[in-house]
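Commentary on secondary and tertiary structure
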Amino acid sequence: MTTPSIKDQVWLNAPATRTVMDALLTNGGAARFVGGCVRNALLGVEVSDIDIATPLTPDEVVRRIEAAGMRAVPTGIEHGTVTVLARGLPIEVTTFRGEGEYADGRRPGSVTFHTDLEADLARRDFTMNALAYDPVGQTFRDPFGGRADMKARRVRAVGDPAARF
């Protein structure tokens, strides 16, 4: 699959997106675009929502976002998710995490925060959603073969689908 140039994507270079990413990256912070925004950019499909994953704790995300003059809404703080309102655009920022058994089929029974991007990607549903993009180094992480699966037009779970679903 020929990879479209993600670095020229409108959403990636929008002032709102750049402001959020800059706030997360200052003073040794780390953050990656993950999931559907990366998948859609690679497929040449419109990106309608932006997700960022970071090793920063939810409290640190809120502190950095508010220090940068943006609003942080704790939409899923117990699961590490903060929705940032940047210039009217909602951007979800979630701390790298691991998850326990899903009690209701939708939400994990337990969540642990960590600093390992690959472990965070491993908890995602499908390989095409287990993608990350580093805008600083302009590199991709695709530890489960999501790009090859997209090229083959194949939907494949990360790990054992019977255990996942």
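Up top you'll find the structure we're talking about.
Residues numbered from 1 in each chain as written. Predicted model: local features only at pLDDT ≥ 70, side-chain atom pairs only at ≥ 80, totals over all residues. Heavy atoms only, no water.

In this section: the overall build of the protein chain. Looking only at helices and strands, the protein chain features seven helices and nine strands. Taking 165 residues into account, the globule formula puts the C-alpha radius of gyration at 15 Å, and the protein chain, at 15 Å, falls close to it. With the principal axes as the frame, the protein chain shows a C-alpha extent of 45 × 40 × 25 Å. Within the protein chain, the proportion of its 165 residues that are buried is 42%. In the protein chain, 51% of the contacts between residues at least 6 apart in sequence involve partners at least 24 apart. Entry remark: accessible area of the protein chain is about 8600 Å², with carbon and sulfur atoms responsible for 49%. Taken together, the 20 basic and 21 acidic charged side chains of the protein chain have centroids lying 5 Å from each other. (Helix = DSSP H or I, 4+ residues; strand = E, 2+ residues; numbered from the N terminus. Rg over C-alpha atoms; globule rule 2.2 N^0.38 Å. Buried < 20%, exposed > 50% of the residue type's maximum accessible area, 1.4 Å probe, protein only. Contact = heavy atoms within 4.5 Å. Areas by Shrake-Rupley, 256 points an atom, 1.4 Å probe, with all protein chains shown as cover. Lys, Arg positive; Asp, Glu negative; His and termini not counted. Charge placed at Lys NZ, Arg CZ, Asp CG, Glu CD.)

This part takes up helix H3 (residues 36-43). In terms of burial, H3 is a largely internal element, six of the eight residues being buried. Along H3, the residues that are buried comprise Gly36, Cys37, Val38, Asn40, Ala41 and Leu42. For H3, the elements touching its buried residues are helix H1 (10-13), strand S1 (32-34), strand S2 (50-54), strand S8 (132-134), strand S9 (139-141) and helix H6 (146-151). Directly beyond the C-terminal end of H3, a positive phi value near 75 degrees is found at Gly44.

Within the secondary structure, Ala41 sits in helix H3. Its relative accessible area of 1% is what places Ala41 among the buried residues. The spatial distance from the C-alpha of Ala41 to the C-alpha of Ser5 is 8.3 Å, given a sequence separation of 36 residues.

Below, the discussion takes up the pairing of S2. Here S2 lies mainly inside the structure; five of its five residues are buried. Taken together, the two bridges between S1 and S2 define a ladder with antiparallel strand orientation. Within the sheet, the bridge partner assigned to Phe33 lies in S2 and is Ile52. (Pairing = 2+ DSSP bridges.)

Pairing within the open sheet is mixed, and its seven strands lie in the order S3-S4-S5-S2-S1-S8-S9. Of all the strands in the sheet, just strand S3 (71-76) and S9 have a single pairing partner and so form its edges. Taken over all neighbouring pairs, the strand axes of this sheet differ in orientation by 30 degrees on average, direction set aside. Across the sheet, H3 touches S1, S2, S8 and S9, and the angle it forms with S1 is around 75 degrees. (Axes fitted to C-alpha atoms, helices over the stretch in contact; angles between N-to-C directions.)

Where helix H2 (residues 15-25) meets helix H4 (residues 58-67), the closest approach of the two axes is 9 Å, and the angle between their N-to-C directions is 125 degrees. By the angle between their directions, the pair H2 and H4 is classed as oblique. Between H2 and H4 the crossing geometry is right-handed. Residues Val20, Ala23, Leu24 and Leu25 of H2 form the contact with H4, whose own contacting residues are Val61, Arg64 and Ile65. (Parallel < 35°, antiparallel > 145°, perpendicular 65-115°, else oblique. Left-handed = near helix turned anticlockwise from the far one by under 90°.)

Note that every value here comes from positions in space, so none of it alone points to a role or purpose.
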